[in-house]
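This is what each chain is made of:
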Amino acid sequence: MSAQALERWRMILGAPASQLSELSARDRQRDAAMQWLYGRDEDLAQRGVRKGGARGGRGDGNRGGGAEESVLTTVDWLEGITKLFPKETVERLTRDAVDRYQIHDLVTDPRVLERVEPSPALLKAVLRTKHLMDPKVLELARELVAAVVEELMRRLATEVRHAFSGTRLRRPSQVRLARNFDVKRTLRGNLGHYQPEERKLFIEDAHFFTRSRRRVDSWQVILLVDQSGSMVSSVIHSAVTAACLWGLPGVRTHLVAFDTAVVDLTKDVTDPVDLLMKVQLGGGTDIAQAVRYAGELVENPRRTIVVLISDLYEGVSPGGVLRGAKALIEQGCRFLALCALDDEATPAYDRDMGQKLADLGAFVGAMTPGALAAFVAEAVNA
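Residues numbered from 1 in each chain as written. Predicted model: local features only at pLDDT ≥ 70, side-chain atom pairs only at ≥ 80, totals over all residues. Heavy atoms only, no water.

Student: Tell me about the overall build of the chain, residues and numbers included.
Tutor: Counting its regular elements, the chain contains 15 helices and 10 strands. For the chain, buried positions account for 47% of its 382 residues. Per element, the accessible surface of the chain, about 20,000 Å² overall, is 50% carbon and sulfur. (Helix = DSSP H or I, 4+ residues; strand = E, 2+ residues; numbered from the N terminus. Buried < 20%, exposed > 50% of the residue type's maximum accessible area, 1.4 Å probe, protein only. Areas by Shrake-Rupley, 256 points an atom, 1.4 Å probe, with all protein chains shown as cover.)

Structure representation (structure tokens):
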């Protein structure tokens with residue numbers, strides 16, 4: 001029997017077959033994720049298959065035997081399997097978790113949602129399982145989504161304001177705004193009013209900077225967001241980024257989600273929570289169709305930034321993606337292919353497609369939302 005076949009049997013049978021094959025580090029992670037779920041199956045345990053109890057915490061609050069250093073929560077498990085398995089396997093595992101093993105703590109038990117701390121990991125878990133929630137739990141989950149989005153918005157809004165704020169000049173201004181207060185000039189100009197006995201400096205004349213902004217032409221920023229399950233973090237940050245860019249002077253933002261269909265979500269940009277609750281994760285990937293749609297939105301190519309947020313694994317027409325991107329670039333659009341748009345900016349993508357897009361003149365890589373905002377600000381204010 002080949003080494004690959006032995007490894008597969010080792011993964012199927014679990015710990016009782018540990019002598020069959022030595023697993024790699026990543027396969028040990030997969031095995032732990034499988035054990036967390038299928039290790040609770042009494043029938044399999046009686047037959048000696050995947051025996052040893054569930055690794056980490058069970059959905060019912062019990063824990064199987066083992067010497068693991070940490071206890072997995074359902075949120076941890078959902079986050080892990082999304083990174084370890086392809087989409088079809090993730091769907092099967094989550095379906096088994098809910099239907100076969102009745103692990104409903106995330107999708108039907110409001111007590112769990114009430115106890116759990118809002119976090120980006122939980123937000124991703126909610127988006128992956130919201131189609132399984134009953135209306136009451138869905139409303140509670142929406143509150144958690146809102147809490148996480150509010151924090152993301154707060155952090156990114158600060159970065160966006162900084163990127164788009166005008167430059168303070170050393171020319172005096174009569175406009176007396178606190179944000180333009182010239183501390184050094186004010187201190188120098190009032191040193192004669194210092195009272196040593198009181199150890200106080202009295203300000204008679206306050207000085208302020210002039211804050212100026214270059215005149216900007218109207219720019220379009222078109223965000224094309226891949227809805228596939230592996231891109232969930234980028235979907236979240238795309239929604240938040242679009243909301244922060246919305247309404248900025250000189251910027252018109254479009255947000256378009258796609259799988260094998262294209263959905264223009266621009267009208268929902270001002271409410272990123274509602275937008276995220278409408279997103280349907282999963283499905284195939286037709287990047288070419290999304291790029292063609294972006295071409296239909298472009299009004300002034302030399303004032304347009306097209307941002308394709310995808311892992312670049314095209315399922316329909318790789319040639320169509322390249323033709324569409326080439327047409328936009330040749331017209332004068334700035335084309336960014338971002339393989340990740342999140343706080344970690346760690347890309348995983350089709351490198352062959354990425355190289356071909358780069359050869360056409362596209363920027364290919366990963367960005368944090370703040371870096372994207374800075375890129376847009378630089379283009380708009382150039």
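Student: With reference to specific residues and values, describe helix 5 (residues 87-100).
Tutor: With 14 residues, helix 5 extends 19 Å between its outermost C-alpha atoms, agreeing within 8% with the 20 Å of an ideal straight helix rising 1.5 Å per residue. For helix 5, the full list of buried residues reads Val90, Leu93, Thr94, Asp96, Ala97 and Val98. Those residues of helix 5 that are buried lie in contact with helix 2 (25-38) and helix 4 (74-84). Immediately downstream of helix 5, the backbone of Gln102 shows phi near 55°, a positive value. (Expected span 1.5 Å × (residues − 1). Contact = heavy atoms within 4.5 Å.)

Student: Any chance you could break down the pairing of strand 9 (residues 334-341) for me, citing the residues and the numbers?
Tutor: Of all 8 residues in strand 9, 7 are buried, a share of seventy percent or more. Alignment of strand 8 (residues 304-309) against strand 9, held across 5 bridges, turns out to be parallel. In the sheet register, Leu308 faces strand 9, and the bridge partner there is Ala337. Traced from strand 8 through helix 13 (residues 318-331) to strand 9, the parallel crossover comes out right-handed. (Pairing = 2+ DSSP bridges. Right-handed = clockwise from strand over helix to strand, strands pointing away.)

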